[in-house]
Amino acid sequence: RLAASVAEADEWHVRAARQEMIHRYAAGAPLQTERDALLKGLAAGSPAPVRLRSLWALHATGGVPEETLLHMLTDPVEAVRVWAVRLLTDAQLLDTPLSRIRAGTLAEPRLKALAACAAADASGFVRLALASALQRLPAGQRLSLAAVLAGRVEDAQDHNLPAMLWYALIPLAETHPLELARLAAAPQCPP
């Protein structure tokens, strides 16, 4: 019943239902019926707002299955792809003490899927989400994903993306100077 609220026209009802599901989840109440309904709400035929609301509610009540998020990287709706990037890169931070966040690594299948998304996605908004996610990755993984993003010549004149890319790479000047120099010297790399 609560999960059906994601299709409501009134945003207040949607948020109130999501908040109730969060409270129930925190209290340990079983939410499998709601979660199953929310997973159905992610179906490609559902309207984009319903899919996003389902995604957010699932995330807030125990998370979205990784295979679902990986599949969403190729979704036809740009906003869904952006949220898939965000949740795939933020999921490693859940239940992680702040002191260990910098040491965490992204699982190899996730990193490969994100690199494929960076190489193929036509949306600058999705690529900006990927560039933003770089700062949460360890050095070695930043370089591999940054190299793919830097290879997108259509982003060289973008107002934000090159800056986000270089902000993520600045800390690597001391630890990975040669790799960073190779990346900066690449002909397709934005200034």
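Everything numeric in this text was worked out from a predicted model, so none of it was measured.

Analysis parameters
- Residues numbered from 1 in each chain as written.
- Predicted model: local features only at pLDDT ≥ 70, side-chain atom pairs only at ≥ 80, totals over all residues.
- Heavy atoms only, no water.
- Helix = DSSP H or I, 4+ residues; strand = E, 2+ residues; numbered from the N terminus.
- Buried < 20%, exposed > 50% of the residue type's maximum accessible area, 1.4 Å probe, protein only.
- Contact = heavy atoms within 4.5 Å.
- Areas by Shrake-Rupley, 256 points an atom, 1.4 Å probe, with all protein chains shown as cover.
- Expected span 1.5 Å × (residues − 1).
- Polar contact = N/O pair within 3.5 Å; in protein donor to acceptor, adjacent residues only side chain to side chain.
- Axes fitted to C-alpha atoms, helices over the stretch in contact; angles between N-to-C directions.
- Parallel < 35°, antiparallel > 145°, perpendicular 65-115°, else oblique.
- Left-handed = near helix turned anticlockwise from the far one by under 90°.
- Nonpolar A, V, L, I, M, F, W, Y, C, P; charged D, E, K, R; others polar.
- Phe/Tyr/Trp six-rings, centres within 6.5 Å; stacked < 30°, edge-to-face > 60°.
- Salt bridge = Lys/Arg side-chain N within 4 Å of Asp/Glu carboxyl O.

Chemist: Help me understand the overall build of the chain in this model?
Modeler: When helices and strands are counted, the chain shows 11 helices and zero strands. Counting all 191 residues of the chain, 42% fall into the buried class. Contacts in the chain between residues far apart in sequence, at least 24 positions, make up 60% of those at least 6 positions apart. Entry remark: accessible area of the chain is about 10,200 Å², with carbon and sulfur atoms responsible for 59%.

Chemist: It is not clear to me how helix α6 (residues 108-120) should be interpreted in this structure. Could you clarify?
Modeler: Helical periodicity: at 3.6 residues per turn, an α-helix aligns residues three or four positions apart in one direction. Over its 13 residues, α6 runs 18 Å from end to end, which matches the ideal 18 Å to within 8%, given 1.5 Å per residue. Elements in contact with the buried residues of α6: α4 (66-72), α5 (78-90), α7 (124-133) and α8 (139-150).

Chemist: Honestly, the side chain of R152 in this entry has me stumped. Any pointers?
Modeler: In this fold, R152 is placed in the loop between α8 and α9 (161-169). A polar atom in the side chain of R152 sits 2.9 Å from the backbone oxygen of D121.

Chemist: What am I meant to see in the packing of α6 against α7 here?
Modeler: Each pair of packed helices gets described by two things: the angle between the helix axes and the distance between those axes. Across the interface, α6 lies against α7 with an axial gap of 9 Å and an inter-helix angle of 140 degrees. Classed by the angle they form, the pair α6 and α7 counts as oblique. Our pair here, α6 against α7, has a crossing hand that is left-handed. Of α7, the residues touching α6 (which contributes L114, C117 and A118) are V126, R127 and L130. Among the residues forming the contact of α6 with α7, the class breakdown is five nonpolar, no polar and one charged.

Chemist: How should the packing of aromatic side chains be read in this particular structure?
Modeler: By convention here, two paired aromatic rings are described through the distance between centres and the angle between planes. Per the stated rule, a full pass over the model turns up one aromatic pair. Here the aromatic rings of W56 and W83 are separated by 5.5 Å at their centres, their planes lie at 70 degrees, and the arrangement is edge-to-face. One end of the pair, W56, is in helix α3 (residues 48-60); the other, W83, is in helix α5, and 27 residues separate them in sequence. On the basis of relative accessibility, which here comes to 27%, the residue W56 falls in the partly exposed class.

Chemist: What is the right way to look at the environment of A113 in this model?
Modeler: Mapped onto the fold, A113 is located in helix α6. Along the primary structure A113 and V85 are separated by 28 residues, whereas in three dimensions their C-alpha atoms are 9.6 Å apart. Excluding residues that lie within four positions of it along the chain, A113 makes contacts with L70 and L73.

Chemist: How should the pattern of salt bridges be read in this particular structure?
Modeler: Pairing of side chains with opposite charge becomes possible as their charged atoms draw close. Per the counting criterion, the structure on display carries 11 salt bridges. With its nearest N and O atoms 3.3 Å apart, the salt bridge here joins R15 to E11. A residue pair is termed a helical-turn pair when its members lie 3 or 4 positions apart in one helix, as R15 and E11 do in helix α1 (residues 11-26) at four residues. Three or more residues are tied together by salt bridges with common partners; here these are R127, R152, E154 and D155.

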